[in-house]
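Chain by chain, the residues run as shown.
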Amino acid sequence: MTVAIIQFGGSNCDNDVLHVLQDVLGIDAELVWYKEEKLDDYEAAVIPGGFSYGDYLRSGAIASRTPIMDAVRKMADNGKPVMGICNGFQILTESGLLEGALTTNSYPKFKCEWSYLRVENTNTPFTSMYEKGQVIRIPIAHKDGKYYHDDPSLQQLEDNNQVVFRYVDENGNPTEAVNPNGSRHNIAGITNKTGNVLGMMPHPERASETIMGADDGLLMFKSMIESGRK
Amino acid sequence: MLYEAEVTINLKAGMLDPEGTTIKRALGHLGYNAESVKSTKRYVIELKAESEENARDLVDQMCQKLIANPIIHDYSIDLREIE
């Protein structure tokens, strides 16, 4: 299978994702510039982190209106795995492929630090190789990462098991103290209703080799590839 | 006709405004006690349209499709004819 890594002007984690897929996992992956309008040859897509279009207007807003996003939408509609990391998550919410919005951290500062996440749902193409309730260590790096949605919509997300990752302490408790950005319900990552589109603020590609301090993120890419092969 | 639209984007009531809160605190350091500070964004758009109603309708579409995010924002439009 071949994974498309979507590149916008200002993407800056594109090569990190490419390195993990190609060099660490030995998977075919290609960087695809945003002017491409077709993604029919790819079995999965990753929208990497960065600062597309300088975060002008709102983080992810401009990138979400580019033609390649119609092709990403088509992949999502066809049930292929689509994963948005950090700015990629912002692009997916702005495009409407995922619900809710990412707004400025409650303490308005760029936060770059390790975080603990609890895996809430293992019935997705991205988490099938984790244990439910498993606590994993993945770093965050963002200023606009506070997940926001209104109460009824949050309840629906919870009821549908669309909350995949939550910020927790080492022991797996989602306390206010370890919520790095004020996200509602400590939400770090969600999926769409069918589970094949994932958005998350933490960076699994930065935690995919022990030399980087942790490799807890690697299973996410492995899970995605396994499901893409099916 | 040529129109100028001023679009003002506000965070919805009840949403945290970290920028406004930070400015309010900094004003306090300078000895000014503001009751509240809210941040907004303003965009000025010039456009051609057949009528004022048509112009307002177009700018409203722009707001809904791109300039505002309906989940977190309210917006208002001030429109005037310019020649």
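Now for a quick tour of the structure. (Residues numbered from 1 in each chain as written. Chains lettered and ligands numbered in written order. Predicted model: local features only at pLDDT ≥ 70, side-chain atom pairs only at ≥ 80, totals over all residues. Heavy atoms only, no water.)

On a plain count of helices and strands, chain B comes out with two helices and three strands. Sequence-ordered secondary structure for chain B, helices as α and strands as β, is β-α-β-α-β. On C-alpha atoms alone, chain B measures out to a radius of gyration of 16 Å, which is more than a quarter above the 12 Å that the 2.2 N^0.38 rule sets for 83 residues. Seen along its three principal axes, the alpha-carbon backbone of chain B occupies a region of about 50 × 30 × 15 Å. Within the span of chain B, comprising 83 residues, buried residues form 29% of the whole. Here chain B contributes 10 positively and 15 negatively charged side chains, and the mean placements of these two sets differ by 9 Å. (Helix = DSSP H or I, 4+ residues; strand = E, 2+ residues; numbered from the N terminus. Rg over C-alpha atoms; globule rule 2.2 N^0.38 Å. Buried < 20%, exposed > 50% of the residue type's maximum accessible area, 1.4 Å probe, protein only. Lys, Arg positive; Asp, Glu negative; His and termini not counted. Charge placed at Lys NZ, Arg CZ, Asp CG, Glu CD.)

Let us look at the interface of chain A and chain B. Contact with chain A, which involves 16 residues of that partner, is made by 15 residues of chain B. For the pair chain A and chain B, the two sides together bury roughly 1,200 Å², of which 64% comes from carbon and sulfur. On the chain A side of the interface with chain B, the three residues burying the most area are Leu 57, Arg 58 and Tyr 148 of chain A, jointly 42% of the side's total. Applying the counting criterion to the chain A and chain B interface returns zero salt bridges. Across the chain A-chain B interface, the total number found is five residue pairs in polar contact (both at pLDDT 80 or more). In the side of chain A that touches chain B, the residues fall into six nonpolar, six polar and four charged. (Contact = heavy atoms within 4.5 Å. Buried area = accessible area lost by both parts, 1.4 Å probe. Salt bridge = Lys/Arg side-chain N within 4 Å of Asp/Glu carboxyl O. Polar contact = N/O pair within 3.5 Å; in protein donor to acceptor, adjacent residues only side chain to side chain. Nonpolar A, V, L, I, M, F, W, Y, C, P; charged D, E, K, R; others polar.)

Residues and elements named next belong to chain A. Phe 8, Leu 21, Leu 39, Met 69, Met 83, Phe 165 and Met 220 are the most contacted members of the largest nonpolar core, which totals 65 residues. Considering every element that reaches this core, the biggest residue donor is helix α2 (residues 68-77), with six residues. When near neighbours in sequence (up to four residues on either side) are disregarded, Leu 39 contacts Ala 4, Ile 6, Val 32, Ile 68, Ala 71, Val 72 and Met 75. (Core = buried A, V, L, I, M, F, W, Y, C linked by side-chain atoms within 4.5 Å.)

What follows concerns unusual backbone geometry. Residue and element names in this part refer to chain A. Backbone geometry at Tyr 53 places phi at a positive 50 degrees, although glycine is not the residue there. For Tyr 53, the location among the structural elements is in the loop between β3 (44-47) and α2. For His 185, which is not glycine, the phi torsion reads 55 degrees and is therefore positive. With respect to the helices and strands, His 185 occurs in the loop between β9 (163-168) and β10 (187-191). Assessed through its relative accessible area of 34%, His 185 is described here as partly exposed.

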